[in-house]
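# What the coordinates show
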Amino acid sequence: MHVSFRKYSIHVLLGCLLLSLSIPLTAAAADIAEQPTQLTQPMVQVLNKEGEPITKDCLILHDLTYLPIKDIGPNLDLKVRWEASSHTVYIEGTLAEITWNSLTNKMQVNSKDTILTIKPEIVNNKTYIPLQLLHEVFQINYDWDGTTKTVTLLYDPQHANL
């Protein structure tokens, strides 16, 4: 009986040891499962009408596509200027011009005050303009492919003044 009790004791000790080792692993797995998933911005590609890439540095915010105006401006014949002292972005095109103050969120289109329903955003020191705003103010047409998350800007400088 002495040998049997000894075997039983060893088995109990081994069982307790294994159980104590598995508890921290289970707790660690539960901690990992409870952490929120990091959200990443979907990659949006912007192409010109010939299908050539213009920029990949786009955002989807508030269910809208935002384009970095300084990057795409030259492709749309837009002159973009930032005035640091007043925190104002100036965007001049052949059909219109926008003045937007990032501190007050006031915008003027063709020197007239405008009520913003969608507004530009500054992210990582870069000004992003909603694609819809470019369409409404500068009459820049585009195609959106939701499957590939691709915007094709249908801008033709020869017909910009029509």
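Structural data are supplied above this passage.
Throughout what follows, the structure given in this document is the object of discussion. Remember, predicted model here, so these are calculated numbers, not experimental data.

## Thoughts on the overall build of the protein
Counting its regular elements, the protein contains three helices and 13 strands. Within the span of the protein, comprising 162 residues, buried residues form 30% of the whole. Within the protein, contacts between residues at least 6 apart in sequence are counted, and of these 39% link residues at least 24 apart. Counting every atom, the protein has about 11,200 Å² of accessible surface; 57% of that belongs to carbon and sulfur.

## Some remarks on the pattern of salt bridges
Tallied over the entire structure, the rule returns four salt bridges. Among the salt bridges present, the one from Lys 126 reaches Asp 57, with a minimum N-O distance of 2.6 Å. Of this pair, Lys 126 sits in strand β11 (residues 126-130) while Asp 57 sits in the loop between β2 (53-55) and β3 (59-61), and the two are 69 residues apart along the sequence. According to the relative accessible area criterion, Lys 126 is partly exposed, its value standing at 26%. Notably, a salt bridge pairs Arg 81 with Glu 83, separated by 3.9 Å at the nearest N-O pair. Arg 81 gets classed as partly exposed once you look at its relative accessible area, which sits at 42%. Within the structure, one salt-bridge network assembled from shared partners comprises Asp 57, Asp 71 and Lys 126.

## Structural notes on the nonpolar core
Ranked by size, the top nonpolar core spans 27 residues in total, and within it Ile 98, Leu 134, Phe 138 and Leu 153 carry the most contacts. Mapped onto this core, the elements with two or more residues apiece are α2 (69-72), β6 (88-92), β7 (97-101), β8 (106-109), α3 (131-138) and β13 (150-153).

## Some details on the sheet that holds β13
Pairing is mixed in the open sheet, where four strands are placed in the order β2-β1-β13-β12. Both edges of this open sheet fall to β2 and β12 (142-145), since each of them pairs with a single strand only. Recorded for the sheet is a direction-independent mean angle of 30° between the axes of neighbouring strands. The sheet contact formed by strand β1 (residues 45-47) and β2 spans two bridges and is antiparallel. Its bridge partner being in β2, Leu 47 is matched across the sheet by Pro 53.

## Some remarks on the sheet that holds β7
Taken in spatial order, the five strands of this open sheet run β5-β6-β7-β8-β9, and their pairing is antiparallel. Because the sheet does not close on itself, it has two edges, and the strands there are β5 (79-83) and β9 (112-114). With direction set aside, neighbouring strand axes in the sheet form an average angle of 20°. With respect to the sheet, α3 is in contact with β6, β7 and β8, its orientation differing from that of β7 by roughly 135°.

## Observations concerning the environment of Glu 52
Within the secondary structure, Glu 52 is located in the loop between β1 and β2. Along the chain, Glu 52 and Thr 152 lie 100 residues apart, while their C-alpha atoms are 9.1 Å from each other. Not counting residues up to four positions away in its chain, the partners in contact with Glu 52 are Val 46 and Leu 47. Looking at Glu 52, its side chain comes within polar contact range of the side chain of Asn 48, at 2.8 Å.

## Considerations on the environment of Asn 105
In this structure, Asn 105 sits in the loop between β7 and β8. Of the residues examined, Asn 105 reaches a relative accessible area of 29% and is grouped as partly exposed. Setting aside its immediate chain neighbours within four residues, Asn 105 contacts Trp 100, Leu 116 and Lys 119. One polar contact links Asn 105 to Trp 100, side chain to side chain, over a distance of 3.2 Å.

Analysis parameters
- Residues numbered from 1 in each chain as written.
- Predicted model: local features only at pLDDT ≥ 70, side-chain atom pairs only at ≥ 80, totals over all residues.
- Heavy atoms only, no water.
- Helix = DSSP H or I, 4+ residues; strand = E, 2+ residues; numbered from the N terminus.
- Buried < 20%, exposed > 50% of the residue type's maximum accessible area, 1.4 Å probe, protein only.
- Contact = heavy atoms within 4.5 Å.
- Areas by Shrake-Rupley, 256 points an atom, 1.4 Å probe, with all protein chains shown as cover.
- Salt bridge = Lys/Arg side-chain N within 4 Å of Asp/Glu carboxyl O.
- Core = buried A, V, L, I, M, F, W, Y, C linked by side-chain atoms within 4.5 Å.
- Pairing = 2+ DSSP bridges.
- Axes fitted to C-alpha atoms, helices over the stretch in contact; angles between N-to-C directions.
- Polar contact = N/O pair within 3.5 Å; in protein donor to acceptor, adjacent residues only side chain to side chain.

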